[in-house]
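Architecture and fold: a report
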Amino acid sequence: MAQAETHYTLPLPSFDKPVKLLIVVAPYYKDIADELVAGAKAEIEKAGGEWELVEVPGALEVPTAIRIAYRQANFDGFVALGCVIRGETTHYDTVCNDSSRALQLLGLDGACIGNGILTVENREQAVARAEAAGQNKGGGAAAAALHLIALTRKYGGAKEEIGFKPPRDEILLAGEPDGSKTA
């Protein structure tokens, strides 16, 4: 059985403008996924945020779904949820490593993602980590996404022009019909 350890948890950030997150869950183990989702929803709502929920077949599809939404929708952040329990083959290692790596790469590309995909040895460990009234890893993933959104809003303001970028949005080439003459 998983032992609960006391650790420090950052207080939730506050927001001037509301936040909207997409919760992407792989409900392969439905009861565990439902607990993760309940924890994530509660944490987002505690911060005054809104959420949408989508389901995908498995943990490997979670990063792809987030990438689609990151590029084509208007969410401030994402919560990745699911559970991978070790089996008899190396498929466990592939799913754990590849889903985690893909989420990390999306995060490094600027997506605000909280990773709540459990990677455990057995069902008992999964239940202990998933329970919203217990370790609440779904809530922890939502809180991580909220903190990253706060950082993005803090540091993501307008940047000063640097380098050789033109002082306006359009680029004019020499001799174009803007009234300028070229030699």
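As a reminder, the structure under discussion sits directly above these lines.
Attention here is on the structure that accompanies the text. (Residues numbered from 1 in each chain as written. Predicted model: local features only at pLDDT ≥ 70, side-chain atom pairs only at ≥ 80, totals over all residues. Heavy atoms only, no water.)

1. Topic: the packing of helix α1 (residues 30-46) against helix α5 (residues 137-155)
Where α1 meets α5, the axes come as close as 6 Å, and the angle between the chain directions of the two elements is 40°. Compared by their axis directions, α1 and α5 come out oblique. In this structure, α1 crosses over α5, and the sense of that crossing is right-handed. Between α1 and α5, the contacting residues are L36, G39, A40, E43 and I44 on the first element and K137, G138, G139, A142, A143 and L146 on the second. (Axes fitted to C-alpha atoms, helices over the stretch in contact; angles between N-to-C directions. Helix = DSSP H or I, 4+ residues; strand = E, 2+ residues; numbered from the N terminus. Parallel < 35°, antiparallel > 145°, perpendicular 65-115°, else oblique. Left-handed = near helix turned anticlockwise from the far one by under 90°. Contact = heavy atoms within 4.5 Å.)

2. Here we look at the layout of surface pockets
Counted as a void, the second largest pocket has a volume near 300 Å³. Those elements giving two or more residues to the lining of the second largest pocket turn out to be β3 (77-85) and α3 (91-108). For the lining of the second largest pocket, the per-class residue count stands at 11 nonpolar, four polar and three charged. (1 Å grid on protein atoms, 1.4 Å probe; cavity = no way out; pocket = protein on both sides within 12 Å on 5 of 7 lines; lining within 4 Å. Points joined across faces, edges and corners; volume = space filled by probe spheres on them. Nonpolar A, V, L, I, M, F, W, Y, C, P; charged D, E, K, R; others polar.)

3. Some details on helix α4 (residues 123-130)
When we look at burial in α4, the residues that qualify are A126, A128 and A130. On the buried face of α4, the contacting elements are α1, β3 and β4 (113-120). With a side-chain oxygen positioned 3.2 Å from the backbone nitrogen of E124, the residue opening α4 is N122. (Buried < 20%, exposed > 50% of the residue type's maximum accessible area, 1.4 Å probe, protein only. Polar contact = N/O pair within 3.5 Å; in protein donor to acceptor, adjacent residues only side chain to side chain.)

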